[in-house]
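Structural description and commentary
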Amino acid sequence: MSRTAAAFRCRPSRAVLPKPTGGGSDRSGFQLSASTPPAKGGIDSFTWALYAEPPTLDYIQAFDYPQNTILANVCESLMRWTPQLTLAPGLAEKASNPDPTTWVYDLRSGVHFHDGTVMTADDVVYSLGRQTNPDNAAAWAQVFQNVESVNKTGPLQVTVKLKQPDSQFPQYMATAAGVVAAKAGVEAAGKDYGTTGSLDCTGPFKLGTWAKGQSIELQRFDDYWGTKAKSRKAVFSFLTDPSARTNAMLTGDVDGGYLIPTESYVDALQVGLPADQCRAAHRVLLLSSGQDTVPLNDGGGGEDGRTWGACSALIGAWQVRASLRSACSLPALGHAGTSRGSAGGAGRGYTPVMLKVDRAARILAHIAEAGSADVHALSELLGVSGATVRRDLQELHDQGLLHRTRGGAVTGAVNLELPLRHRSEKQQEEKRRIARAAAELVPEGAVVGLTGGTTTTELARVLGERGGITVVTNAVNIAAELIVRPEIRLVVIGGIARSASYELIGPAAERMLQHYHFDLAFIGVDGLTAHEGCTTHDEMEAQTDRAFLRSSARSVVLADSTKIGRVTFASICPLADVHDLVTDDGLTDAQEKAIADCGVRVRRV
């Protein structure tokens, strides 16, 4: 298969659907079609998974899949690509080539932009001119290197003069290089164009809400000149982890997505699912081989699994087929005439798939608390097979996070520190509430210090949506969250990288912090008690945290209630150095009183 995404619908031919005979499998009654049936009617919405959030939706910077997946539905170009990969008219109803170095585009009349204005030749000249302006550093600038001029030659006509014949230029007018937007709208938005407000172009959808770090919602554009969209809205969710995208499709949270690596769904489908849920998932799960994608559609072949058998044969990837069949308790090809129930029983409710990273976090947390665990107990805890548990334990052993024993595992340390990637899902809702409450403490224009940690990372996401502040951090994951936020001034402290927390720590970091002064410093901790104060697992990290506190006028500790009452290896500071604690409502009254008696303002959320 080529690297171009291909869509296939696997369905039984109703005229020749064979009857299963004996234990064999007859695949002759299936046909492969190049498209799905026509839509029966409109829908309210659909949700699509993207592997990254676009840094901007400005069409001149749309050079990657996330931006173009969205903009293809919002901002149209002069020309279009057909499914047969031929050029067709777009916003230009005709493109002519009177001589080898001239292209004349005659525009459609009555085309409305999202702001209500009507497209003119001036808008086209302006839009293409943005691509050629070196100050814009457009991603598509190279397309225009052979362009001598772009001029209005009529109210609805634009003429492009080339320096020499160029067979590629007219084809690029069907990409983001040929997008047309309203001149007035783009100029009014200024530097904010593409990151806030309307895009002021035209297409079947218009930009709705953009929840930074989460999703973008598009709304149907009813004044669109062409065929109206079948869906009232479209939602694009940002799911950077491939396993999260697979799980979202299995649970029905999203309806599809491109570029799903094979290993993400092979691992996710190691647990048993009810057959009806599994078959429903097949209708939306995009199976891929490396970077190739194939939508696998169960055409309604019934409980005998014949449709699944034909699809499996067509895909030809026995590893994927075996994993899916095992996960869904589907019949093997040699038993096409039989029907087996799911591992959990057909009458049970559907339990969402637990991802591998979630299983690892649960295993580590359980063993850290209990000191040891056997395979059977973990299998019951996680709801997966013993074989899956053994594989997980071996991988965690190989990473040095636990010690394998015969039939189970033990922890090698008291108060085992879980790597950040395994902590991010624990107490997630509580951490989000804490982050929102902490953000209320930050005034407009403040300078804020952020140490590493899962709760401070949630705070960074909230602050990133708001903007108007300066953030100084030593956490590379927080820096990655905020660097795409132009409204945030970001300062990153250097130092020695600590992989467990994604922080840069040590003497170099402490020296740099001496030169900065914060209005507030938000500190993440691993333990907090009235007697021992704030503690963490690493001594060098504790020293860097103290440097943050020394540079700040106000220190705020963010800690969910599971950290209260714990003491870990290295002391950060006594509670006398802490002004505020923001925690969740799991904090007991006795704990709150003991902490407040040390002079700390406690906020439970």
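Scroll up to find the structure.
Residues numbered from 1 in each chain as written. Predicted model: local features only at pLDDT ≥ 70, side-chain atom pairs only at ≥ 80, totals over all residues. Heavy atoms only, no water.

1. Some details on the overall build of the chain
A count of helical and extended segments in the chain gives 19 helices and 30 strands. For the chain, with 605 residues in total, the buried portion stands at 49%. Contacts spanning at least 24 positions in sequence make up 61% of the contacts within the chain whose residues lie at least 6 apart. Within the structure as shown, the chain displays about 27,600 Å² of accessible surface, and the carbon and sulfur contribution to it stands at 51%. (Helix = DSSP H or I, 4+ residues; strand = E, 2+ residues; numbered from the N terminus. Buried < 20%, exposed > 50% of the residue type's maximum accessible area, 1.4 Å probe, protein only. Contact = heavy atoms within 4.5 Å. Areas by Shrake-Rupley, 256 points an atom, 1.4 Å probe, with all protein chains shown as cover.)

2. Quick word on the packing of helix α11 (residues 375–382) against helix α12 (residues 386–398)
For the pair α11 and α12, interaxial distance at closest approach is 9 Å and the crossing angle is 105°. Relative to α12, the element α11 is oriented roughly perpendicular. Of the residues in α12, those in contact with V375, L378, S379 and L382 of α11 are G386, V389, R390 and L393. In terms of residue class, the contact of α11 with α12 is built from five nonpolar, two polar and one charged. (Axes fitted to C-alpha atoms, helices over the stretch in contact; angles between N-to-C directions. Parallel < 35°, antiparallel > 145°, perpendicular 65-115°, else oblique. Nonpolar A, V, L, I, M, F, W, Y, C, P; charged D, E, K, R; others polar.)

3. Remarks on helix α2 (residues 121–132)
Relative to the 16 Å expected for 12 residues at 1.5 Å per residue, α2 spans 17 Å between its end C-alpha atoms, a close match to the ideal helical length. All buried positions along α2 are accounted for by A121, D123, V124, S127, L128, R130 and Q131. Each element contacted by the buried residues of α2 is listed here: β7 (102–107), β8 (147–154), β9 (157–162) and α4 (183–189). (Expected span 1.5 Å × (residues − 1).)

4. Considerations on the side chain of N146
Mapped onto the fold, N146 is located in the loop between α2 and β8. In this structure N146 comes out as buried when scored by relative accessible area, which is 12%. Of note is the side chain of N146, whose polar atom sits 2.7 Å from the backbone oxygen of Q164. Other than its neighbours up to four places away in sequence, N146 contacts K161, L162, K163, Q164, P165 and D166. (Polar contact = N/O pair within 3.5 Å; in protein donor to acceptor, adjacent residues only side chain to side chain.)

5. A few points about the packing of aromatic side chains
Under the counting rule described, the total for this entry stands at six aromatic pairs. Centroid distance W48 to Y258: 5.2 Å. Interplanar angle 65°. Geometry classified as edge-to-face. Residue W48 is found in strand β3 (residues 43–50), and its partner Y258 is found in the loop between β13 (256–257) and α6 (262–268); the two are separated by 210 residues along the sequence. The exposure class of W48 is buried, given its relative accessible area of 18%. For the ring pair Y224 and W225, a centre distance of 5.5 Å and an interplane angle of 55° mean the geometry is tilted. Its end group placed over the ring of W210, K212 keeps NZ or CZ at 3.5 Å from the ring centre. (Phe/Tyr/Trp six-rings, centres within 6.5 Å; stacked < 30°, edge-to-face > 60°. Lys NZ or Arg CZ within 6 Å of the ring centre and 35° of its normal.)

6. Considerations on the sheet that holds strand β28 (residues 570–573)
The strand order across the open sheet formed by three strands is β25-β26-β28, and the pairing between neighbours is antiparallel. Two strands close off the open sheet at either side, each with one partner strand: β25 (527–529) and β28. Ignoring which end each strand starts from, the neighbouring axes of this sheet average 30° apart. Pairing analysis gives three bridges linking strand β26 (residues 533–536) to β28, with the strands arranged antiparallel. Looking at β28, one finds that T536 is bridged to A570. Against the sheet, helix α18 (residues 539–550) contacts β26 and β28, and its axis sits at roughly 0° relative to β28. (Pairing = 2+ DSSP bridges.)

7. Side note on the state of the cysteines
What is meant by a disulfide is a covalent connection between two cysteines, made through their sulfur atoms. What the rule picks out here adds up to one disulfide. Each sulfur of the disulfide joining C75 and C201 lies 1.9 Å from the other. One disulfide, between C75 and C201, carries an S-S torsion of -45° and so falls in the left-handed class. One end of the pair, C75, is in the loop between α1 (65–71) and β4 (79–81); the other, C201, is in the loop between α4 and β10 (205–211), and 126 residues separate them in sequence. Of the residues examined, C75 reaches a relative accessible area of 6% and is grouped as buried. Not engaged in a disulfide, the cysteine C573 finds its nearest cysteine sulfur in C534; these two sulfurs lie 4.1 Å apart. Judged by its relative accessible area of 5%, C573 falls in the buried class. (Disulfide = S-S within 2.5 Å.)

8. Some details on unusual backbone geometry
The backbone phi angle of A137 is positive, close to 45°, even though this residue is not glycine. For A137, the position within the fold is in the loop between α2 and β8. The phi angle at D200 is positive, at roughly 50°, despite the residue not being glycine. The buried category is assigned to D200, whose relative accessible area is 9%.

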